[in-house]
Amino acid sequence: MSETPTDHRPGPGNGPARPLLLVRDLVKHFPIRGGLLGRPVGTVRAVDGVSFAVRAGETLGIVGESGCGKSTTARLLMRLLEPDGGGMAFDGAPVGASGGGMALKEYRRQVQMVFQDSYASLNPRLPIEDTIAFAPRVHGVPAREAGERAHALLAAVGLDPAQFARRYPHELSGGQRQRVNIARALALNPRLVLLDEPVSALDKSVEAQVLNLLADLKERFGLTYVFISHDLNVVQWISDRVLVMYLGKVVEEGPVEAIYERPAHPYTRALLASRPAMDPARRRTEPPLTGDPPNPVNPPSGCRFRTRCPFAEPVCAERAPAAADLGGGHAAACHMALPGSGHSRAGRLAA
Ligand SMILES: Nc1ncnc2c1ncn2[C@@H]1O[C@H](COP(=O)(O)OP(=O)(O)OP(=O)(O)O)[C@@H](O)[C@H]1O
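All values derive from a computational prediction rather than experimental measurement. Counting starts from 1 at the beginning of each chain's written sequence and moves along it residue by residue. A pLDDT threshold of at least 70 governs which residues receive local features in this predicted model, and a stricter bar of 80 or more applies before side-chain atom pairs are shown or counted, although totals over entire chains, interfaces and linings include all residues.

Novice: Can you explain the packing of helix H3 (residues 128-138) against helix H4 (residues 143-156)? Please cite residues and give values.
Specialist: Close contact between H3 and H4 brings their axes to 8 Å; oriented N to C, the two are set at 130°. Compared by their axis directions, H3 and H4 come out oblique. At the point where H3 passes H4, the crossing takes the right-handed sense. Contacts from Glu129, Ile132, Ala133, Pro136 and Arg137 in H3 reach Ala143, Ala146, Gly147, Arg149, Ala150, His151, Leu153 and Leu154 in H4. Here the contact of H3 with H4 is built from residues that sort into eight nonpolar, two polar and three charged. Axis definition: a line fit to C-alpha positions, over the contact stretch in the case of helices; interaxial angles, taken between N-to-C directions, run 0 to 180 degrees. The secondary structure listing takes helices from DSSP runs of H or I that are at least 4 residues long and strands from runs of E that are at least 2 residues long, numbered from the N terminus. An angle below 35 degrees is treated as roughly parallel, one above 145 as roughly antiparallel, one from 65 to 115 as roughly perpendicular, and anything else as oblique. With the far helix as reference, a near helix turned anticlockwise by less than a right angle produces a left-handed crossing, and one turned clockwise produces a right-handed crossing. Here the contact rule is simple: place C-beta atoms from the backbone, and any two residues whose C-beta atoms are within 7 Å are in contact. Following the grouping adopted for this structure description, the nonpolar residues are Ala, Val, Leu, Ile, Met, Phe, Trp, Tyr, Cys and Pro, the charged ones are Asp, Glu, Lys and Arg, and the polar ones are all others, Gly among them.

Novice: Report on the site of the ligand, specifying residues and quantitative values.
Specialist: Note on definitions: a residue is near a molecule or strand provided its C-beta atom, placed from the backbone, lies within 6 Å of it. Contacts to the ligand come from 13 residues, most closely from Phe30, Ala46, Ser66, Ser71 and Thr72. When residues of the shell around the ligand are traced back to their parent elements, those giving at least two are strand E2 (39-55) and helix H1 (70-77). No other element matches the three residues that H1 contributes to the shell around the ligand. Classifying every residue of the shell around the ligand by side-chain character gives five nonpolar, seven polar and one charged.

Novice: Give me the lowdown on the sheet that holds strand E11 (residues 324-327), citing residues and values where you can.
Specialist: If you walk across this open sheet you meet the eight strands as E6-E7-E8-E3-E9-E10-E12-E11, and the pairing is mixed. Each edge of the sheet is formed by a strand with only one pairing partner; in this case those strands are strand E6 (111-114) and E11. Direction aside, the axes of adjacent strands within the sheet are offset by 20° on average. With respect to the sheet, helix H6 (residues 174-186) is in contact with E6 and strand E7 (192-196), its orientation differing from that of E6 by roughly 170°. When DSSP finds two or more bridges between two strands, those strands count as paired.

Novice: Which residues make up H3, and what values go with them?
Specialist: Exposed residues have 12 or fewer other C-beta atoms within 10 Å of their own C-beta, buried residues have 20 or more, and partly exposed residues fall in between, where C-beta atoms are placed from the backbone. Among the residues of H3, those classed as buried are Ile128, Glu129, Thr131, Ile132, Ala133 and Pro136. As for H3, its buried residues are in contact with H4, helix H5 (161-164) and H6. Two residues or fewer past H3, Gly140 is found with a positive phi of approximately 90°.

Now the structure itself:
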């Protein structure tokens, strides 16, 4: 390929509602070792039964406080970590499963990732055109073609190849380095790009430029994004649908308008009330988020948010809430959120 990546925009019979990635009951527990012998003394339940779908052509935002399992989920999706339970299917094929599934090598070509730390993910000893051309070379693309692809991608991310191709990472600004990382992620013509806090380390003005670039590239190449961030404003701007995580669980998901205008889970409501640009009138009526999340080694029984939830009732300690379908693809895992649950607060929370 001498030009930029293939256009993956959905064609006839290939509509945007089709799940490109299906994630079911994903689990990752990290053992904690202690003492001189390094014996297991506990388990961090980083991701604890997470299910969702990413539809072709959409941007799925994943939000939640630090430590809720966003990055672990991304690393599981990339298969940089092996899940302890659950699985994934890409375009209908089970990923990494023996017999008939999609081989990890092919999956890793179709799914690429951009990390927060723009410097750490680039090889400091390689000119950036060689970094971008590296993966295509490994996949057997001839050197000249891989070089042409690198130049086309540099141009696509707004870096003039004549000026930038032979530069090293330390000769670039943070925003320019993140553009190179985006170009590198597109070099194998992926269909899904996982973006883990891709703009969190950038100044606000540069952040806006990189977000606009990501939106343009998505449109131009028909990409699908999973966009992970703790910044609710950024997620609102870029996402079509949003997944809210708390202590290794999905607590709410839905179209971006539903999550931001009609949040149903007390955690989502508190998160939104805590963000800086929150509408002052609404902020006054919402209980703010207080304290830190509990230790994921020993999460609360029942609903994990109950220890910080102003609406918690005895039932919340007794059993974990199932996801209540609120219509239109909006769901919340809260005993109080299900309309018709008969609970006194149901109307108040779902209103
Ligand atoms: N390799 C590991 N070994 C042990 N615990 C880990 C490991 N990686 C992550 N964790 C723990 O798993 C939990 C989830 O971490 P994760 O990085 O996925 O959260 P996050 O939502 O991405 O947070 P942040 O925004 O701070 O990166 C945390 O309690 C974290 O300390």
